[in-house]
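Observations on the model geometry
If you want the building blocks of each chain, they are given just below.
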Amino acid sequence: DAKTTQPNSMESNEEEPVHLPCNHSTISGTDYIHWYRQLPSQGPEYVIHGLTSNVNNRMASLAIAEDRKSSTLILHRATLRDAAVYYCILKGQSGYALNFGKGTSLLVTP
Amino acid sequence: KAGVTQTPRYLIKTRGQQVTLSCSPISGHRSVSWYQQTPGQGLQFLFEYFSETQRNKGNFPGRFSGRQFSNSRSEMNVSTLELGDSALYLCASSVQTGNTEAFFGQGTRLTVV
């Protein structure tokens with residue numbers, strides 16, 4: 001199971017962009033990069049996923065390095081509601097990840 | 001449309017007992033996955049069911065089992081409960097298996113005493 005490395009915590013000011021990094025140097029060619037976030041006392045929430053190209057949706061953007069060994073989740077304007085633990089996980093063709101890891105705890109301050 | 005529903009939300013059981021947790025996926029979703037979340041180990045994958053068949057399985061002992069019914073609803077069972085089984089059990093549903101968006105329920109908080 002390919003592993004990911006994320007910072008334990010990050011802090012951002014409200015209404016500023018946030019760049020959440022994820023390293024996955026042992027990623028295989030068929031692994032998809034998925035991001036989920038978990039707000040306190042809730043189940044995880046899907047954010048975005050991609051394979052090779054950068055991806056955008058209404059919640060965020062995903063920038064994937066050319067060698068795919070790292071990726072960055074971009075929240076364009078952080079709000080207080082974005083304070084959560086963000087998980088970067090890799091899913092192979094089978095479509096599951098054994099462990100979500102510890103994730104990055106994002107603190108957003110007004 | 002309704003989200004993923006897990007019942008019960010909270011449960012207290014005694015060591016040695018067994019427990020059954022239920023998950024109703026989003027209408028039209030045929031894949032259901034189960035996860036265990038603890039402060040020490042984080043979020044760990046238990047198993048995935050698709051069209052009533054177990055497709056993938058994590059690294060948990062045989063005490064943990066599950067099944068999926070023809071209406072895609074799923075149950076997971078833990079037998080001979082141990083104190084270490086105390087955790088938040090989360091269910092996620094997807095339209096299909098593979099690399100698709102998964103929608104999680106709020107979980108069942110199991111406490112083993």
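One can find the structure itself at the top, above this paragraph.
Overview of the structure.

Scoring rules and cut-offs
- Residues numbered from 1 in each chain as written.
- Chains lettered and ligands numbered in written order.
- Predicted model: local features only at pLDDT ≥ 70, side-chain atom pairs only at ≥ 80, totals over all residues.
- Heavy atoms only, no water.
- Helix = DSSP H or I, 4+ residues; strand = E, 2+ residues; numbered from the N terminus.
- Rg over C-alpha atoms; globule rule 2.2 N^0.38 Å.
- Contact = heavy atoms within 4.5 Å.
- Buried area = accessible area lost by both parts, 1.4 Å probe.
- Salt bridge = Lys/Arg side-chain N within 4 Å of Asp/Glu carboxyl O.
- Polar contact = N/O pair within 3.5 Å; in protein donor to acceptor, adjacent residues only side chain to side chain.
- Pairing = 2+ DSSP bridges.
- Axes fitted to C-alpha atoms, helices over the stretch in contact; angles between N-to-C directions.
- 1 Å grid on protein atoms, 1.4 Å probe; cavity = no way out; pocket = protein on both sides within 12 Å on 5 of 7 lines; lining within 4 Å.
- Points joined across faces, edges and corners; volume = space filled by probe spheres on them.
- Nonpolar A, V, L, I, M, F, W, Y, C, P; charged D, E, K, R; others polar.

1. Quick look at the overall build of chain B
The helix and strand inventory of chain B stands at zero helices and 11 strands. Helices and strands appear in chain B in the N-to-C order β-β-β-β-β-β-β-β-β-β-β. At 13 Å, chain B has a C-alpha radius of gyration in line with the 13 Å of a compact globule built from 113 residues. C-alpha extents for chain B along the principal axes are approximately 35 × 25 × 25 Å.

2. Quick word on the interface of chain B and chain A
Contacts between chain B and chain A engage 24 residues on the former and 22 residues on the latter. Buried area between chain B and chain A, both sides added, is near 1700 Å², and the carbon and sulfur share of it is 47%. Area buried by chain B at its contact with chain A is led by L43, N99 and F104 of chain B, which between them contribute 34% of it. Seen at the junction of chain B and chain A, the total is zero salt bridges. Counting across the interface, chain B meets chain A through nine residue pairs in polar contact (both at pLDDT 80 or more).

3. Notes on the sheet that holds strand β1 (residues 9-13) of chain A
Strand pairing in a sheet relies on backbone hydrogen bonds, with the paired strands running either antiparallel or parallel. All names here are of chain A. As summarised here, the arrangement of the five strands in space is β1-β9-β8-β3-β4, forming an open sheet in which the pairing is mixed. This sheet does not close on itself; its edge strands, each paired only once, are β1 and β4 (45-50). On average, each strand axis in the sheet is tilted by 25° relative to the strand beside it, whichever way the strands run.

4. A short note on empty space enclosed by the protein
Under the definition given, this model contains one cavity of 30 Å³ or more. Each pocket or cavity is described by its volume, and for the largest cavity that value is around 80 Å³. The wall of the largest cavity is formed by 13 residues, among which K91 and G95 of chain A together with S33, S94 and A102 of chain B lie closest to the centre. Where the lining of the largest cavity is concerned, the elements lending two or more residues are β4 (31-38) and β9 (87-94) of chain B. Examining the composition of the lining of the largest cavity, we find that three residues originate from one element, β4 of chain B, more than from any other. Across the lining of the largest cavity, the residue classes break down as three nonpolar, eight polar and two charged.

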